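Below, each chain spelled out in residue letters.
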2 protein chains.
Amino acid sequence: MKESEVILKRQSTRLFFKNGDTDFFFNWLLGIGEVFGFSHGELYYLAQRLGKSPKPSTWKKVFLSHADYLAQKLGNPDLSKQSKAQYYLAQTYSIRSAIQFINPFSEEYLPTVQRMEESFKKATYSLKAPIEELTIHYQESYLPGYYLHSGDDCPTLIMIGGGDTYREDLFYFAGYPGWKRGYNVLMIDLPGQGSNPSRELTFDVNAATPISLCIDWLENKNPKLNHLAIYGVSGGGYFTAQAVEQDTRIQAWIASTPIYDIAELFKKEFGSSLKTSSWLMNAILKLVGNLNESADLNLQKYAWQFGTTDFKKAIDEVFKGAKVVNYHKVQCPCLFIMGEGESAELQRQAKVVYEAVKSKNSHTRLQIFEAESGADAHCQVNNLRLVHNVVFDWLNTIFE
Amino acid sequence: MKESEVILKRQSTRLFFKNGDTDFFFNWLLGIGEVFGFSHGELYYLAQRLGKSPKPSTWKKVFLSHADYLAQKLGNPDLSKQSKAQYYLAQTYSIRSAIQFINPFSEEYLPTVQRMEESFKKATYSLKAPIEELTIHYQESYLPGYYLHSGDDCPTLIMIGGGDTYREDLFYFAGYPGWKRGYNVLMIDLPGQGSNPSRELTFDVNAATPISLCIDWLENKNPKLNHLAIYGVSGGGYFTAQAVEQDTRIQAWIASTPIYDIAELFKKEFGSSLKTSSWLMNAILKLVGNLNESADLNLQKYAWQFGTTDFKKAIDEVFKGAKVVNYHKVQCPCLFIMGEGESAELQRQAKVVYEAVKSKNSHTRLQIFEAESGADAHCQVNNLRLVHNVVFDWLNTIFE
């Protein structure tokens, strides 16, 4: 792939980096900084060290070195718990940022993921967030998760990420804002997510099965489980669609964006990634300094998540195995969220699903974020505070 | 002035705009967005509409139009109070941003300031912040302020801004974070600040007098007033120095940065602004598209705040009237804050004051923010969450 090509269109505004996927990731980091942890000042300092076309290895080094810098700040014995929490959160997502550019087939991958998990544990401890770690038995192995417990009488939200999330990411998408609003939140790595592929748990054909196991776990944990919602972002818009189609215990579905046909999405939107990049073409691109190394790395990571050796094979898996969700079976109230900076096919599928289900429940809505809202990027990473308000206002109406 | 020249060096990292003062202001807005209100997504959307070298009139139009956009969003009857609060905060500081580029001698200036005040009132009401408006009688007129009341037994912080602040700005510097930590916070426009110059209250030679009146007001309001601190940013580092020199009721002083000789600061750092810009030179700069219109406007605003007709005359006032603070009289514990992106003279004065008083109290500290902290810009606008933690951790130690 060329440097100018993106894996998936995910935003309408360019911030700093030449490559669109990298720039989207920077947009995302700035979004995390509006919830907690690092600031735009830190991120711009690091961006300027990186330059506009950083190599993945440089990105990794710069963010890991920032995590070390933060560790040094944490050595100050006078810090309050509140201050520590912010430093640990900054550290967690600095390591997270480095992981985005580490090859999952490399030896440093898993130890770095573990370092992020340890930092996150210290962050939530310092925040005094009522979080417990859990595992759900699955196919000779397990799915790891966090359960934020506000109270057995509180409504419960299951947060599901996509192809680029770790369960720690689910904390700023829903865990933290849910806690502040009195919700229980389950944050789980499904097969293919987080570091599950290292335990042979790669993307499943049907995410409804592990999600139903999560609901079993919640029922066991909370005998008073009553109001249960699910929220999926990115690929989570497909996983949650599968779950809502099959498990009627889910009483409200939020998706940014709802996806019913993942094969069609890949066909329409992953064009640049599917072009056969021969070794000769890559060598030439590299010679002229135009090889999209970040994209190559990201595609390798996706392949790893699918349990294949390259992205092309992963896509073939999707084309072979992925099922189209029968959205006509969805009965619960739905909040569909769509940014105008999203790719065309994501927007199309969101509208199709909305049109099909809108008459079934008066609460069902399609929330479109135009560019001026600042929330028009993929997963609303450019205005998380706004989407938190939209999501929890809506849930409060459903569960009042 | 040329487009490339700045009034005052206030940051080390360039974000988006060609002119340094404008870029610093954008940095500042991104900082507000990390506390509440608008997001970086909104701000980048507006920045891209503005282009890298916007005219002041365009800046004003774009931000006022964003305030209108937010008003339209606020028309949604289903919004929770929490959602409304964020929209009103976004609106308050969008109007604030427009005001930065409105000529205070123009007819639209005061009505726009009033619009900001109304939006702020609705924001704090929706936030359920325990805030009351107040006025303090001063020289045939009054100083307007907000008092955030957490409880008579709580410690109290007086927040003082500088040459570019309105009392609404003091809310994200100290009001909001102070409220979240159980502090009372007084936010006041001193002479020369906010819209006080429109009531003939221009910059005073001695800010200690109005600040002592604020303390009288606090004593009257809260008979149990016990732990009293003062925090000054930017020019507030000078105003608070004057107050601490003279009023021993102040038990702790925070300054980012402490300034004892304002005339020397102007002499050393406002060089570009003091060069005689003849009409001919300005006409030529305009012809080649290189006139720094924003700086010209800002300098007019400073002149208005000094009660003079141009900035040169204002500076002459400073050189004539401004007193050097005798920092040897300072007895209370001090927290001095200094970013490495600050101008050299601000850094020099901070170090001089620190060296002079550090042995008087074991709590006295000089906190230097290096670039990697993300808090190295003027007033730490690029990492407000961090400076909030540093300030209130320190105050909690003093007042424990």
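The numbers attached to residues start from 1 for each chain and follow its sequence in the written order. Chain letters and ligand numbers both follow the written order, the letters beginning at A and the numbers at 1. Only residues with pLDDT of at least 70 get local features here, since the model is predicted, and only at 80 or more are side-chain atom pairs given and counted; chain-wide, interface and lining totals rely on the full set of residues. For the side-chain quantities, the full set of heavy atoms in the structure was used; hydrogens and water were omitted.

**Student:** Would you mind showing me how to read the environment of L148 of chain B here?
**Tutor:** Residue and element names in this part refer to chain B. Each helix corresponds to a stretch of at least 4 residues labelled H or I by DSSP, and each strand to a stretch of at least 2 residues labelled E; elements are numbered beginning at the N terminus. In this fold, L148 is placed in strand β2 (residues 141-148). Counting along the chain gives 36 residues from L148 to N184, while the straight-line C-alpha distance between them is 5.4 Å. Contacts: residue pairs with any heavy atoms within 4.5 Å of one another. Not counting residues up to four positions away in its chain, the partners in contact with L148 are P130, I131, F171, G175, W179, Y183, N184, V185 and M187.

**Student:** What's the story with the packing of helix α1 (residues 20-33) of chain A against helix α4 (residues 81-99) of chain A in this structure? I'm lost.
**Tutor:** Between two packed helices, both the angle of their axes relative to each other and the distance between the axes serve to describe the pair. Residues and elements named next belong to chain A. Note on method: axes are straight lines fitted to C-alpha atoms, helices fitted across the in-contact stretch only, with angles between N-to-C directions ranging 0 to 180 degrees. The geometry of α1 relative to α4 is characterised by a closest axis approach of 11 Å and an angle of 170 degrees between their N-to-C directions. Between α1 and α4, the angle is such that the two are roughly antiparallel. Residues F25, W28, L29 and I32 of α1 pack against Y93, R96 and S97 of α4. Of the residues assigned to the contact of α1 with α4, the class counts are five nonpolar, one polar and one charged. Should an angle fall under 35 degrees it is called roughly parallel, over 145 degrees roughly antiparallel, and 65 to 115 degrees roughly perpendicular, with every other angle called oblique. Asp, Glu, Lys and Arg are counted as charged, while Ala, Val, Leu, Ile, Met, Phe, Trp, Tyr, Cys and Pro are counted as nonpolar; the rest, among them Gly, fall into the polar class.

**Student:** I tried to follow the domain arrangement of chain A on my own but got confused; where do I start?
**Tutor:** Many authors give the size of an interface as the accessible area that is lost as the parts come together. Residue and element names in this part refer to chain A. As far as domains go, chain A holds domain 1 (16-128), domain 2 (130-261 + 322-399) and domain 3 (266-320). The domain limits used here are those given by an automatic or database domain assignment. A straight line from the C-alpha centre of domain 1 to that of domain 2 covers 25 Å. Facing the 23 residues of domain 1 at the interface are 25 residues of domain 2. Summed over both partners, the accessible area lost on bringing two parts together, with a 1.4 Å probe, is the buried area. In this assembly, domain 1 packs against domain 2 so that about 2100 Å² is buried in total across both faces, 66% of it on carbon and sulfur atoms. For domain 1, the biggest contributors to the area lost against domain 2 are W28, V35 and F120; these three give 24% of the whole. The term salt bridge refers to a pairing of a side-chain nitrogen on Lys or Arg with a carboxyl oxygen on Asp or Glu at a separation within 4 Å. Across the contact surface, domain 1 and domain 2 share three salt bridges. Of the charged contacts, one joins E117 and R167 as a salt bridge, the two residues approaching to 3.4 Å between their closest N and O atoms.

**Student:** Is there a simple way to explain the relation of the copies chain A and chain B in this structure?
**Tutor:** Each of the two chain copies can be generated from the other by rotation about an axis followed by a shift along it. After a rotation of 180 degrees and a shift along the axis of 0.0 Å, chain A superposes on chain B with an RMSD of 0.0 Å. Both copies of the chain, as the preceding transformation shows, are related through a two-fold rotation axis. By C-alpha distance to the rotation axis, the residue of chain A lying nearest is E34 of chain A, at 2.3 Å. Counting the interface residues of chain A, we find that 100% of their copies in chain B are interface residues as well, pointing to one common contact surface. Least squares is the method used to superpose the copies, on C-alpha atoms of residues holding a pLDDT of at least 70 in both.

**Student:** Sorry if this is basic, but what is going on with the sheet that holds strand β7 (residues 334-339) of chain B here?
**Tutor:** Strand pairing in a sheet relies on backbone hydrogen bonds, with the paired strands running either antiparallel or parallel. Residue and element names in this part refer to chain B. As summarised here, the arrangement of the eight strands in space is β1-β2-β4-β3-β5-β6-β7-β8, forming an open sheet in which the pairing is mixed. In this open sheet, the two edge strands, each paired with only one partner strand, are β1 (131-138) and β8 (365-369). Between one strand axis and the next, the sheet turns through 20 degrees on average, direction left out of account. Pairs of strands are assigned from DSSP output, requiring at least two bridges between the strands. Examined bridge by bridge, strand β3 (residues 156-160) and strand β4 (residues 184-188) share four bridges and lie parallel to one another. Each bridged residue has a counterpart across the sheet, and for T156 the counterpart in β4 is N184.

**Student:** What's the story with helix α13 (residues 311-321) of chain B in this structure? I'm lost.
**Tutor:** For an α-helix, the turn length of 3.6 residues means that residues three or four places apart are oriented alike. Residues and elements named next belong to chain B. Taken residue by residue, α13 has F311, A314, I315 and V318 as its buried positions. Down the axis of α13, the sector holding all buried residues measures 100 degrees, keeping them to one side. The N-terminus of α13 is capped by D310, whose side-chain oxygen sits 3.0 Å from the backbone nitrogen of K312. Exposure classes here rest on a 1.4 Å probe applied to the protein chains alone. A residue is buried below 20% of its type maximum, exposed above 50%, and partly exposed in between. As used here, the arc belongs to the directions running from the helix axis to the C-beta atoms. Polar contact is defined as a pair of N or O atoms within 3.5 Å, subject to the rule that within protein one atom must be able to donate a hydrogen and the other to accept it, and that residues adjacent in sequence are counted only when both atoms are side-chain atoms.

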